[in-house]
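Inside the fold
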Amino acid sequence: PDACKEIRDLLLHDKCVVSNLRKFEFNPKDGIDNPALSLAEDTDGKGLGEPRFYLLSKDSSETFGFCLHEELGCRGHIIRQVELGGLAQRKGLQDGDRLLQVNGHFVDHMDHSKVVQKIKASGNQVLLAVLDSNTYETAKALGRDVSQMLPADIRPRLCHITRDKSGFGFSVSGPEGTKGTFQLSVRRDGPAERAGLPSGSWLLELNGDSVRSYSRTQLARKLKRSGSKMTLLVASSAAEQFYRLWGLRVTAALADASWLPFKVRKLHMVKGPDGYGFLLKEEDCSSGTTGQFLWEVDAGLPAERAGMKEGDRLLAVNGESIEGLNHQETVMRIRAQEEQVTLLVIDPAGDKFYRSIGLSPLQFFEDSNPA
């Protein structure tokens, strides 16, 4: 009785919880009608009471078809304004769902603006994990850790390997006569292991191309043509099984890129008497688009002291991506705060790499020291 009273008082304390809970009813056949204890059927065939996973893919003219809200008196990042007939609704997202993961990253504990930025940085594809509102509110009321409801790390991994005199340091095996099924064995202390390639993982992509239709001969030919460097997208057996179970296609956009040598850098600058000490230029890229690049970095001024290098490409200003902005709009963003600015940049080698695989480096940026 005391425990029941404590839980009842806790629920009554939060009106958001009360508004989302159904009346509990007991049926000898079906048990207790309690979202915390039983599973009910969802509209897309997945059960309530457990996380659901949705891979949303759109073109550049579309939206994902929902808004993410932070609401007074309610906990979590809340899915709202699900467009009728839009991408989110067609996939199965529902009004009130709580967002738990973005591209495999747990976000329930994160600042709301950072979560929104993570979704924006995903470009045209994002993997979301959500929990229905009833289960989420009940779990929170009972003090449960909702992260424990999610599977272990199921992200594939991107590895960039540079050959040494002994080779790349891995071998490939697979069932004879079966296309697209290749398991990797990694030599100890070789280039592959140093690049983060896990032994026993399954090969999904080679240099940005899916190997799903490759025979062993075709793969061997492709590996030989890679030259001195190659990029592999791989997945563990558990990750591969997870994506197959949910009918999701594994892509590099969902990958753990922490092993890649190409990193986004964060530069925080406070303007001095002579300004920041760099020049911003708009230049054409090999992809046919234009980009904003940083040049004429003056010795001893704030830009150089912050770590800016000649030829760095500008990706974001004060936490906001500049993708789609022209030169003048980007300059205005930099000048919006008169005395200081925070830039996200990447060096030419990293810029070339990410363009070669068709992804934005911002998708993989983890800010360990937020401004």
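Residues numbered from 1 in each chain as written. Predicted model: local features only at pLDDT ≥ 70, side-chain atom pairs only at ≥ 80, totals over all residues. Heavy atoms only, no water.

Per an unreviewed UniProt entry, the chain goes by Na(+)/H(+) exchange regulatory cofactor NHE-RF4 and derives from Tinamus guttatus.

Quick notes on the packing of aromatic side chains
Here the structure, examined in full by the defined rule, presents eight aromatic pairs. Note on Phe-53 and Trp-246: the rings are 5.1 Å apart at their centroids and 70 degrees apart in plane angle, and the pair reads as edge-to-face. With Phe-53 in strand 3 (residues 52–57) and Trp-246 in helix 8 (residues 237–246), this pair connects stretches of sequence that are 193 residues apart. No difference in accessibility class separates Phe-53 from Trp-246, as the two residues are buried. For the pair Phe-353 and Tyr-354, a centre-to-centre distance of 5.2 Å together with 75 degrees between the ring planes defines the contact as edge-to-face. (Phe/Tyr/Trp six-rings, centres within 6.5 Å; stacked < 30°, edge-to-face > 60°. Helix = DSSP H or I, 4+ residues; strand = E, 2+ residues; numbered from the N terminus. Buried < 20%, exposed > 50% of the residue type's maximum accessible area, 1.4 Å probe, protein only.)

Some remarks on the pattern of salt bridges
Under the defined criterion, the tally for this structure stands at 13 salt bridges. We note a salt bridge from Glu-240 to Arg-244, for which the minimum N-O separation is 3.0 Å. Of this pair, Glu-240 and Arg-244 are both found in helix 8, four residues apart, which corresponds to roughly one turn of the helix. What makes Arg-244 exposed here is its relative accessible area of 55%. In this structure, Arg-355 and Asp-351 form a salt bridge, with 3.3 Å as the shortest nitrogen-oxygen distance. One end of the pair is Arg-355 and the other is Asp-351, both in helix 11 (residues 348–356) and four residues apart, which spans about a single turn. A single network of salt bridges, built from pairs that share partners, joins Glu-71, Arg-80 and Asp-95. (Salt bridge = Lys/Arg side-chain N within 4 Å of Asp/Glu carboxyl O.)

Some thoughts on the pairing of strand 6 (residues 98–102)
Regular strands place their side chains on alternate faces of the sheet. In terms of burial, strand 6 is largely enclosed, as five of its five residues are buried. Summarising the sheet, strand 5 (residues 77–80) and strand 6 pair through two bridges and their orientation is antiparallel. When the sheet's bridge partners are listed, His-77 is paired in strand 6 with Leu-99. Bridge analysis of strand 6 against strand 7 (residues 105–106) gives two bridges, and the strand direction is antiparallel. (Pairing = 2+ DSSP bridges.)

Structural notes on unusual backbone geometry
Among all residues except glycine, the phi angle is most often negative; among peptide bonds, the trans geometry is most common. For Gln-81, which is not a glycine, the phi torsion comes out positive at approximately 50 degrees. Here Gln-81 is to be found in the loop between strand 5 and helix 3 (87–91). With a phi angle near 65 degrees, Asp-189 is a residue other than glycine that sits in the positive phi range. By secondary structure assignment, the location of Asp-189 is in the loop between strand 11 (183–186) and helix 6 (191–194).

Side note on the nonpolar core
Within the largest apolar cluster, 41 residues are counted, with the highest numbers of intra-cluster contacts made by Phe-53, Leu-158, Phe-242, Tyr-243, Leu-248, Leu-344 and Tyr-354. Counting residues per element, the ones that place at least two in this core are strand 3, strand 8 (125–131), helix 5 (133–141), strand 14 (229–235), helix 8, strand 18 (313–317), strand 20 (340–346) and helix 11. Top element by residues in this core is helix 8. It accounts for four residues. Once you skip the residues sitting within four places of it in the chain, Phe-242 turns out to touch Phe-53, Pro-151, Ile-154 and Leu-248. Counting residues in hydrophobic clusters, the runner-up holds 19 residues, among them Cys-159, Phe-168, Val-211 and Val-234. (Core = buried A, V, L, I, M, F, W, Y, C linked by side-chain atoms within 4.5 Å. Contact = heavy atoms within 4.5 Å.)

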